[in-house]
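# Observations on the model geometry
If you want the building blocks of each chain, they are given just below.
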Amino acid sequence: MTATPRIVDAHHHVWDLSVRDQEWITGEELAPLRRDFSLSDLEPEARANGVTATVLVQTVTVPEETPEFLALADGSDLVAGVVGWSDLTAPDITDTLAALRALPGGDRLVSLRHQVQSEPDPEWLLRADVQRGLAAVAGAGLVYDLVVQPHQLPATVRAAELLPGLTFVLDHAGKPPIATGAPHSWADDVRALAALPNTVCKLSGLVTEADPHNWTVKDLRPYADTVIDAFGPTRLMFGSDWPVCRLAATYTEVVEAAHTLVSGLGPDERAAVLATTAERVYGLR
(Lines give C-alpha, C1' and ligand atoms only; values in the text may rest on other atoms or scores of the structure.)
Protein backbone atom coordinates (compact mmCIF):
# COMPACT_ATOMS: atom_id res chain seq x y z
CA MET A 1 0.00 0.00 0.00
CA THR A 2 1.30 3.43 -0.91
CA ALA A 3 1.77 5.74 2.05
CA THR A 4 0.39 9.25 2.00
CA PRO A 5 2.97 11.99 1.42
CA ARG A 6 2.91 13.13 5.04
CA ILE A 7 2.06 11.40 8.31
CA VAL A 8 2.36 12.65 11.88
CA ASP A 9 2.73 9.84 14.40
CA ALA A 10 0.99 11.47 17.34
CA HIS A 11 1.79 8.78 19.90
CA HIS A 12 4.95 6.82 20.56
CA HIS A 13 7.35 6.10 23.40
CA VAL A 14 11.04 5.50 24.02
CA TRP A 15 12.86 4.20 27.08
CA ASP A 16 16.29 3.22 28.30
CA LEU A 17 16.24 0.64 31.07
CA SER A 18 19.74 1.64 32.17
CA VAL A 19 18.36 5.10 33.02
CA ARG A 20 15.26 3.83 34.87
CA ASP A 21 13.10 0.78 35.04
CA GLN A 22 9.72 0.63 33.37
CA GLU A 23 7.90 -1.03 36.23
CA TRP A 24 4.77 -1.63 34.19
CA ILE A 25 6.61 -4.09 31.90
CA THR A 26 5.93 -7.27 33.83
CA GLY A 27 4.89 -10.81 32.96
CA GLU A 28 5.46 -13.03 29.97
CA GLU A 29 3.00 -11.19 27.76
CA LEU A 30 4.99 -7.94 27.95
CA ALA A 31 8.43 -9.59 27.94
CA PRO A 32 9.20 -8.47 24.34
CA LEU A 33 9.14 -4.87 25.60
CA ARG A 34 11.76 -5.44 28.29
CA ARG A 35 14.62 -3.92 26.32
CA ASP A 36 15.70 -0.42 25.29
CA PHE A 37 13.80 1.39 22.55
CA SER A 38 15.38 4.56 21.18
CA LEU A 39 14.64 7.19 18.56
CA SER A 40 17.35 5.63 16.40
CA ASP A 41 15.31 2.40 16.47
CA LEU A 42 12.11 4.19 15.53
CA GLU A 43 13.32 6.65 12.90
CA PRO A 44 14.07 4.25 10.00
CA GLU A 45 10.66 2.60 10.37
CA ALA A 46 8.87 5.92 10.68
CA ARG A 47 10.62 7.52 7.71
CA ALA A 48 10.00 4.43 5.57
CA ASN A 49 6.28 4.86 6.18
CA GLY A 50 6.07 8.54 5.31
CA VAL A 51 6.20 9.89 8.86
CA THR A 52 7.60 13.41 8.94
CA ALA A 53 7.00 14.26 12.61
CA THR A 54 6.14 12.50 15.87
CA VAL A 55 4.84 13.16 19.37
CA LEU A 56 6.81 11.48 22.16
CA VAL A 57 4.60 10.43 25.09
CA GLN A 58 5.47 9.86 28.75
CA THR A 59 5.67 6.34 30.14
CA VAL A 60 6.31 6.70 33.88
CA THR A 61 5.19 9.13 36.56
CA VAL A 62 8.53 10.54 37.61
CA PRO A 63 9.49 14.21 37.21
CA GLU A 64 12.87 13.47 35.63
CA GLU A 65 11.44 11.90 32.46
CA THR A 66 9.87 15.03 30.98
CA PRO A 67 13.05 17.15 30.95
CA GLU A 68 14.87 14.19 29.39
CA PHE A 69 12.23 13.92 26.67
CA LEU A 70 12.36 17.66 26.00
CA ALA A 71 16.14 17.50 25.59
CA LEU A 72 15.74 14.52 23.28
CA ALA A 73 13.20 16.41 21.19
CA ASP A 74 15.46 19.46 21.13
CA GLY A 75 18.14 17.39 19.40
CA SER A 76 15.77 15.66 16.98
CA ASP A 77 14.30 16.71 13.65
CA LEU A 78 11.63 14.01 14.01
CA VAL A 79 10.08 14.67 17.44
CA ALA A 80 7.89 17.75 17.09
CA GLY A 81 6.06 17.48 20.39
CA VAL A 82 6.30 15.95 23.86
CA VAL A 83 3.49 14.77 26.10
CA GLY A 84 5.07 14.94 29.53
CA TRP A 85 4.13 14.25 33.13
CA SER A 86 3.94 16.47 36.17
CA ASP A 87 2.08 16.01 39.43
CA LEU A 88 -1.24 17.75 38.82
CA THR A 89 -1.97 17.75 42.54
CA ALA A 90 1.19 19.63 43.52
CA PRO A 91 0.57 23.15 44.87
CA ASP A 92 3.31 24.55 42.61
CA ILE A 93 2.08 22.96 39.37
CA THR A 94 1.90 26.34 37.60
CA ASP A 95 5.53 27.13 38.44
CA THR A 96 6.59 23.61 37.44
CA LEU A 97 5.01 23.94 34.01
CA ALA A 98 6.66 27.33 33.49
CA ALA A 99 10.03 25.82 34.46
CA LEU A 100 9.56 22.97 32.00
CA ARG A 101 8.76 25.42 29.21
CA ALA A 102 11.98 27.29 29.97
CA LEU A 103 14.19 24.20 29.54
CA PRO A 104 16.04 23.27 26.34
CA GLY A 105 13.33 21.80 24.16
CA GLY A 106 10.64 23.34 26.35
CA ASP A 107 8.93 24.73 23.29
CA ARG A 108 8.18 21.10 22.31
CA LEU A 109 6.06 20.51 25.43
CA VAL A 110 2.52 20.25 24.06
CA SER A 111 0.57 18.22 26.60
CA LEU A 112 0.61 16.45 29.94
CA ARG A 113 -0.56 12.95 30.82
CA HIS A 114 -1.05 10.88 33.95
CA GLN A 115 -1.64 7.12 34.17
CA VAL A 116 -5.26 7.57 35.11
CA GLN A 117 -5.89 3.99 33.96
CA SER A 118 -3.95 2.81 37.02
CA GLU A 119 -5.82 4.95 39.55
CA PRO A 120 -8.20 2.88 41.71
CA ASP A 121 -10.63 5.79 42.01
CA PRO A 122 -12.74 5.82 38.80
CA GLU A 123 -13.44 9.50 39.43
CA TRP A 124 -9.82 10.54 39.99
CA LEU A 125 -10.13 13.22 37.31
CA LEU A 126 -12.91 14.88 39.30
CA ARG A 127 -10.93 15.34 42.52
CA ALA A 128 -10.62 18.99 43.50
CA ASP A 129 -6.82 18.94 43.52
CA VAL A 130 -6.72 17.26 40.09
CA GLN A 131 -9.21 19.76 38.68
CA ARG A 132 -7.05 22.60 39.95
CA GLY A 133 -4.03 21.03 38.23
CA LEU A 134 -5.92 20.57 34.99
CA ALA A 135 -6.91 24.24 35.11
CA ALA A 136 -3.21 25.08 35.41
CA VAL A 137 -2.51 22.96 32.32
CA ALA A 138 -5.09 24.98 30.41
CA GLY A 139 -3.62 28.20 31.77
CA ALA A 140 -0.21 27.19 30.44
CA GLY A 141 -1.67 26.76 26.96
CA LEU A 142 -1.14 23.00 26.99
CA VAL A 143 -3.36 20.06 26.08
CA TYR A 144 -4.18 17.11 28.34
CA ASP A 145 -3.86 13.49 27.15
CA LEU A 146 -6.16 10.92 28.71
CA VAL A 147 -5.13 7.29 29.16
CA VAL A 148 -8.18 5.70 30.75
CA GLN A 149 -10.02 2.42 30.92
CA PRO A 150 -13.59 2.22 29.60
CA HIS A 151 -15.11 2.30 33.11
CA GLN A 152 -13.39 5.66 33.68
CA LEU A 153 -14.96 7.32 30.63
CA PRO A 154 -18.00 8.76 32.45
CA ALA A 155 -15.71 10.73 34.78
CA THR A 156 -13.68 11.77 31.75
CA VAL A 157 -16.80 13.23 30.17
CA ARG A 158 -17.59 15.16 33.35
CA ALA A 159 -14.01 16.45 33.62
CA ALA A 160 -14.17 17.79 30.07
CA GLU A 161 -17.51 19.44 30.84
CA LEU A 162 -16.06 21.15 33.91
CA LEU A 163 -13.04 22.52 32.01
CA PRO A 164 -14.26 23.76 28.62
CA GLY A 165 -11.08 25.79 28.17
CA LEU A 166 -8.86 22.70 28.18
CA THR A 167 -8.51 20.40 25.20
CA PHE A 168 -8.62 16.74 26.20
CA VAL A 169 -7.08 14.11 23.89
CA LEU A 170 -8.38 10.57 24.41
CA ASP A 171 -5.51 8.14 23.89
CA HIS A 172 -6.11 4.76 22.24
CA ALA A 173 -9.79 5.54 21.63
CA GLY A 174 -10.47 4.88 25.31
CA LYS A 175 -9.22 1.28 25.13
CA PRO A 176 -12.31 -0.47 23.77
CA PRO A 177 -12.78 -4.16 24.65
CA ILE A 178 -11.92 -5.46 21.18
CA ALA A 179 -10.39 -8.79 22.16
CA THR A 180 -13.20 -9.87 24.46
CA GLY A 181 -16.08 -8.19 22.71
CA ALA A 182 -17.52 -7.85 26.20
CA PRO A 183 -20.69 -5.78 26.43
CA HIS A 184 -19.82 -2.33 27.68
CA SER A 185 -21.03 1.24 27.42
CA TRP A 186 -17.77 2.20 25.65
CA ALA A 187 -19.43 3.40 22.45
CA ASP A 188 -22.08 5.47 24.27
CA ASP A 189 -19.48 6.98 26.59
CA VAL A 190 -17.14 7.82 23.70
CA ARG A 191 -20.00 9.52 21.87
CA ALA A 192 -20.82 11.51 25.02
CA LEU A 193 -17.21 12.66 25.19
CA ALA A 194 -17.12 13.50 21.49
CA ALA A 195 -20.24 15.65 21.90
CA LEU A 196 -18.05 18.13 23.80
CA PRO A 197 -16.14 20.49 21.47
CA ASN A 198 -12.97 20.48 23.62
CA THR A 199 -12.25 16.79 23.00
CA VAL A 200 -10.09 14.94 20.47
CA CYS A 201 -9.37 11.23 20.01
CA LYS A 202 -6.35 9.19 18.95
CA LEU A 203 -6.73 6.36 16.47
CA SER A 204 -4.04 4.45 18.29
CA GLY A 205 -3.44 1.37 20.40
CA LEU A 206 -6.21 -0.70 18.81
CA VAL A 207 -4.02 -3.61 17.73
CA THR A 208 -3.05 -4.39 21.31
CA GLU A 209 -6.63 -4.09 22.54
CA ALA A 210 -7.51 -6.76 19.95
CA ASP A 211 -6.18 -10.31 20.00
CA PRO A 212 -2.46 -9.53 19.59
CA HIS A 213 -1.78 -12.77 17.73
CA ASN A 214 -4.83 -13.01 15.47
CA TRP A 215 -6.21 -9.51 14.92
CA THR A 216 -7.40 -8.30 11.54
CA VAL A 217 -8.43 -4.88 10.31
CA LYS A 218 -11.98 -6.24 10.27
CA ASP A 219 -11.74 -6.65 14.05
CA LEU A 220 -10.73 -3.01 14.45
CA ARG A 221 -13.23 -1.60 11.98
CA PRO A 222 -16.33 -1.21 14.23
CA TYR A 223 -14.33 0.63 16.88
CA ALA A 224 -12.51 2.85 14.39
CA ASP A 225 -15.78 3.64 12.64
CA THR A 226 -17.32 4.63 15.97
CA VAL A 227 -14.65 7.23 16.75
CA ILE A 228 -14.50 8.45 13.15
CA ASP A 229 -18.25 9.04 13.23
CA ALA A 230 -18.28 10.47 16.76
CA PHE A 231 -15.32 12.86 16.60
CA GLY A 232 -15.02 13.42 12.86
CA PRO A 233 -11.68 13.50 11.01
CA THR A 234 -10.75 16.99 12.22
CA ARG A 235 -10.80 15.76 15.85
CA LEU A 236 -9.09 12.44 15.22
CA MET A 237 -5.34 11.78 14.98
CA PHE A 238 -3.22 8.75 14.14
CA GLY A 239 -0.71 7.32 16.61
CA SER A 240 1.38 4.16 16.31
CA ASP A 241 1.82 3.49 20.04
CA TRP A 242 5.30 2.20 19.15
CA PRO A 243 6.96 0.18 20.61
CA VAL A 244 3.95 -1.20 22.51
CA CYS A 245 2.33 -1.96 19.15
CA ARG A 246 5.13 -4.46 18.52
CA LEU A 247 3.31 -6.88 20.81
CA ALA A 248 0.79 -7.29 18.01
CA ALA A 249 2.14 -5.73 14.80
CA THR A 250 5.07 -4.14 13.05
CA TYR A 251 5.19 -0.39 12.61
CA THR A 252 4.36 -0.81 8.94
CA GLU A 253 1.36 -3.01 9.73
CA VAL A 254 0.00 -0.39 12.12
CA VAL A 255 0.38 2.35 9.51
CA GLU A 256 -1.19 0.20 6.82
CA ALA A 257 -4.12 -0.62 9.12
CA ALA A 258 -4.67 3.11 9.69
CA HIS A 259 -4.65 3.73 5.95
CA THR A 260 -7.27 1.03 5.47
CA LEU A 261 -9.46 2.27 8.33
CA VAL A 262 -9.63 5.81 6.87
CA SER A 263 -9.76 4.75 3.22
CA GLY A 264 -13.45 5.60 2.97
CA LEU A 265 -12.82 9.25 3.83
CA GLY A 266 -12.11 12.02 1.38
CA PRO A 267 -8.52 13.22 0.74
CA ASP A 268 -8.70 16.18 3.12
CA GLU A 269 -10.33 14.03 5.80
CA ARG A 270 -7.63 11.37 5.51
CA ALA A 271 -5.00 14.11 5.72
CA ALA A 272 -6.63 15.38 8.91
CA VAL A 273 -6.50 12.00 10.66
CA LEU A 274 -2.99 11.23 9.46
CA ALA A 275 -1.37 14.62 10.02
CA THR A 276 -3.20 17.93 10.25
CA THR A 277 -5.35 17.27 13.33
CA ALA A 278 -2.24 16.49 15.39
CA GLU A 279 -0.44 19.53 14.01
CA ARG A 280 -3.34 21.84 14.89
CA VAL A 281 -4.31 20.40 18.28
CA TYR A 282 -0.75 20.11 19.56
CA GLY A 283 0.48 23.26 17.81
CA LEU A 284 3.35 21.36 16.19
CA ARG A 285 5.93 23.32 14.28
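My aim in this report is to walk through the structure given alongside it, one point at a time. (Residues numbered from 1 in each chain as written. Predicted model: local features only at pLDDT ≥ 70, side-chain atom pairs only at ≥ 80, totals over all residues. Heavy atoms only, no water.)

What follows covers the overall build of the chain. Within the chain one finds 10 helices and 8 strands. Relative to the globule expectation of 19 Å for 285 residues, the C-alpha radius of gyration of the chain, 17 Å, shows essentially globular dimensions. The burial tally for the chain puts 55% of its 285 residues in the buried class. A fraction of 82% describes how many contacts in the chain between residues 6 or more apart in sequence connect residues 24 or more apart. Where the 21 positive side-chain charges of the chain centre and where its 39 negative ones centre are 5 Å apart. (Helix = DSSP H or I, 4+ residues; strand = E, 2+ residues; numbered from the N terminus. Rg over C-alpha atoms; globule rule 2.2 N^0.38 Å. Buried < 20%, exposed > 50% of the residue type's maximum accessible area, 1.4 Å probe, protein only. Contact = heavy atoms within 4.5 Å. Lys, Arg positive; Asp, Glu negative; His and termini not counted. Charge placed at Lys NZ, Arg CZ, Asp CG, Glu CD.)

Here we come to empty space enclosed by the protein. Scanning all chains against the criterion turns up 1 cavity of 30 Å³ or more. The computed volume of the largest cavity comes to approximately 110 Å³. Breaking the lining of the largest cavity down by element, the ones donating at least two residues are α7 (206–209) and α9 (251–261). For the lining of the largest cavity, the element with the most residues is α9, which contributes 4 residues. Taken together, the residues that form the lining of the largest cavity break down as 9 nonpolar, 4 polar and no charged. (1 Å grid on protein atoms, 1.4 Å probe; cavity = no way out; pocket = protein on both sides within 12 Å on 5 of 7 lines; lining within 4 Å. Points joined across faces, edges and corners; volume = space filled by probe spheres on them. Nonpolar A, V, L, I, M, F, W, Y, C, P; charged D, E, K, R; others polar.)

Residue proline 243 follows tryptophan 242 across a cis peptide bond; omega there is 0°. The phi torsion at histidine 172 lies on the positive side, around 55°, for a residue other than glycine. By the element assignment, histidine 172 lies in the loop between β6 (168–170) and α6 (186–194). Of the residues examined, histidine 172 reaches a relative accessible area of 6% and is grouped as buried. Not every positive phi belongs to a glycine, and alanine 173 is a case in point at roughly 55°. Tracing the backbone through its elements, the reader meets alanine 173 in the loop between β6 and α6.

Of the pockets and cavities examined, the largest pocket occupies roughly 850 Å³. Forming the boundary of the largest pocket are 30 residues, of which Trp24, Leu30, Gln117, Lys175 and Val244 lie nearest the centre. The class makeup of the residues in the lining of the largest pocket is 11 nonpolar, 11 polar and 8 charged. Of the pockets and cavities examined, the second largest pocket occupies roughly 200 Å³.

Contact geometry of α6 with helix α8 (residues 217–231) gives a least axis separation of 9 Å together with a crossing angle of 25°. Our classification of the angle between α6 and α8 gives roughly parallel. For the element pair α6 and α8, the recorded crossing hand is right-handed. Touching Trp186, Ala187, Val190, Arg191, Leu193 and Ala194 of α6 are Tyr223, Thr226, Val227, Asp229, Ala230 and Phe231, all from α8. A class-by-class count of the residues in the contact of α6 with α8 yields 9 nonpolar, 1 polar and 2 charged. (Axes fitted to C-alpha atoms, helices over the stretch in contact; angles between N-to-C directions. Parallel < 35°, antiparallel > 145°, perpendicular 65-115°, else oblique. Left-handed = near helix turned anticlockwise from the far one by under 90°.)

Tracing the sequence through the fold places arginine 113 in strand β4 (residues 109–114). Side-chain polar atoms of arginine 113 contact the side chain of aspartate 171, separated by 3.1 Å. In this view, arginine 113 contacts His11, His13, Val57, Gln58, Val83, Gly84, Trp85, Tyr144, Asp145, Val147, Asp171 and His172; residues no more than four positions away in its chain are not counted. (Polar contact = N/O pair within 3.5 Å; in protein donor to acceptor, adjacent residues only side chain to side chain.)

Here glutamate 209 lies in helix α7. Glutamate 209 gets classed as partly exposed once you look at its relative accessible area, which sits at 22%. The sequence separation of glutamate 209 and arginine 235 amounts to 26 residues, and the corresponding C-alpha distance is 21 Å. The residues contacting glutamate 209, other than those within four sequence positions of it, are Lys175, Pro176, Ile178 and Ala179.

Turning to the nonpolar core, a few remarks are in order. Among the nonpolar cores identified, the biggest contains 81 residues, and Leu125, Leu134, Tyr144 and Val227 are the most heavily contacted of them. Counting residues per element, this core draws most heavily on α8, at 7 residues. Counting residues in each nonpolar core, the second largest holds 17 residues, with Val55, Val143, Met237 and Ala278 among its members. (Core = buried A, V, L, I, M, F, W, Y, C linked by side-chain atoms within 4.5 Å.)

Time to look at the pattern of salt bridges. One pass over the structure, following the stated rule, counts 13 salt bridges. With a closest N to O distance of 3.8 Å, arginine 221 and aspartate 225 form a salt bridge. One end of the pair, arginine 221, and the other, aspartate 225, are both in helix α8, 4 residues apart, so they sit about a helical turn from each other. A relative accessible area of 28% means that arginine 221 is categorised as partly exposed. (Salt bridge = Lys/Arg side-chain N within 4 Å of Asp/Glu carboxyl O.)

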